[in-house]
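# Chain and residue survey
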Amino acid sequence: MKNQTLALLLAASFSFFGCEQPEESNPIAKNRQNYDVTMKVSSYSVADLSPIEFIIPKAYAGITDLKFCFKRLRFKKETEIEDPNIEDNIDIELGEVSIGSEGLVLGTVSVPADTYSRIEFDLEPDCDGQTKNSVTLTNDLGDGNHSTRDRITIKFEGPFVISSNEELSLNVQTIVDAANGYDGLSAEELKDVFEAVSGDVL
């Protein structure tokens, strides 16, 4: 009888320690509360000039104006299964925002605790109730003035964890570099230029 009891106890122990812990034991998964996440666009440079380039300048585009018309955003989970029936949009009332090289704070949103793989922003022409451009760009290429009213999704890749109130820095350098090289003369649309690249969540 003692041997049977000992065997049962050992079997129960191996069963407990050998099985994967349930989701509730994961502190992030268990913590379903929302946290305030402040998003900041990082500073960027239009061109990185080496000392020799001050003497012999190379050709590059310089952005003098870049505006995004922010409509909504999404925090995409790391293990998320894409389901069109699940609404994960967060409407934001930013309107048209000038993306200056010195960086800026976009605002604060409430986000559930979890691990996320990226942030997506939808840029649309009716972002603040008025008809504008989703993107307005002025640089040194083509006629210098470029804009579109297409809906554009810009992305910032992670991963990152939300487990407390956070400040996320969004690195836009790659996006700015793509805007730097747009001349409006090819068949490539401004929408395609912005959606072909991604920034980073720092």
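Residues numbered from 1 in each chain as written. Predicted model: local features only at pLDDT ≥ 70, side-chain atom pairs only at ≥ 80, totals over all residues. Heavy atoms only, no water.

### Overview of a negative patch on the surface
Quick reminder of the rule: Only residues whose relative accessible area exceeds 30% and that take part in no salt bridge are eligible for patches, with like-charged residues grouped when within 9 Å of each other and nonpolar side chains (Val, Leu, Ile, Met, Phe, Trp, Tyr) grouped when within 5 Å. Residue exposure ignores everything except the shown protein chains as possible cover, and the areas themselves are Shrake-Rupley values with a 1.4 Å probe. Take a side-chain nitrogen of Lys or Arg and a carboxyl oxygen of Asp or Glu: if they are within 4 Å of each other, that pair is a salt bridge. Positive charges come from Lys and Arg, negative ones from Asp and Glu, while His and the chain ends are left out of the count. Charge coordinates come from a single atom per side chain, which is NZ of Lys, CZ of Arg, CG of Asp or CD of Glu. Labels follow the DSSP assignment, with helices taken as runs of H or I lasting at least four residues and strands as runs of E lasting at least two, numbered in each case from the N terminus.
Taken together, the side chains of Asp150, Glu188, Glu189 and Asp192 define an acidic patch exposed on the protein surface. Along the chain, glutamate 189 falls in the loop between helix H4 (173–180) and helix H5 (190–195).

### Let's talk about the packing of aromatic side chains
Counted only if it meets this: Ring pairs are drawn from Phe, Tyr and Trp, using the six-membered ring of Trp, whenever the two centres fall within 6.5 Å, and their geometry is named by plane angle: stacked under 30 degrees, edge-to-face over 60, tilted for the rest. With a 1.4 Å probe rolled over the protein chains alone, any residue whose accessible area is under 20% of its type maximum counts as buried; one over 50% counts as exposed, and the rest are partly exposed.
In total, this model carries seven aromatic pairs according to the counting rule given. Ring geometry for phenylalanine 68 against phenylalanine 194: centres 5.7 Å apart, planes inclined by 85°, an arrangement best described as edge-to-face. One end of the pair, phenylalanine 68, is in strand S2 (residues 65–77); the other, phenylalanine 194, is in helix H5, with 126 residues separating them in the sequence. One exposure class covers both phenylalanine 68 and phenylalanine 194, and it is buried.

### Some points on the confidence of the model for the protein chain
Where we set the bar: A score between 0 and 100, pLDDT records how confident the predictor is in each residue. Contacts between residues were defined by any pair of non-hydrogen atoms, one from each residue, lying within 4.5 Å.
Taken residue by residue, the protein chain gives an average pLDDT of 79. The fraction at 70 or more is 72%. Counting contacts from residues 2–29, a segment whose pLDDT is below 50, to residues more than four positions away or on other chains yields eight contacts.

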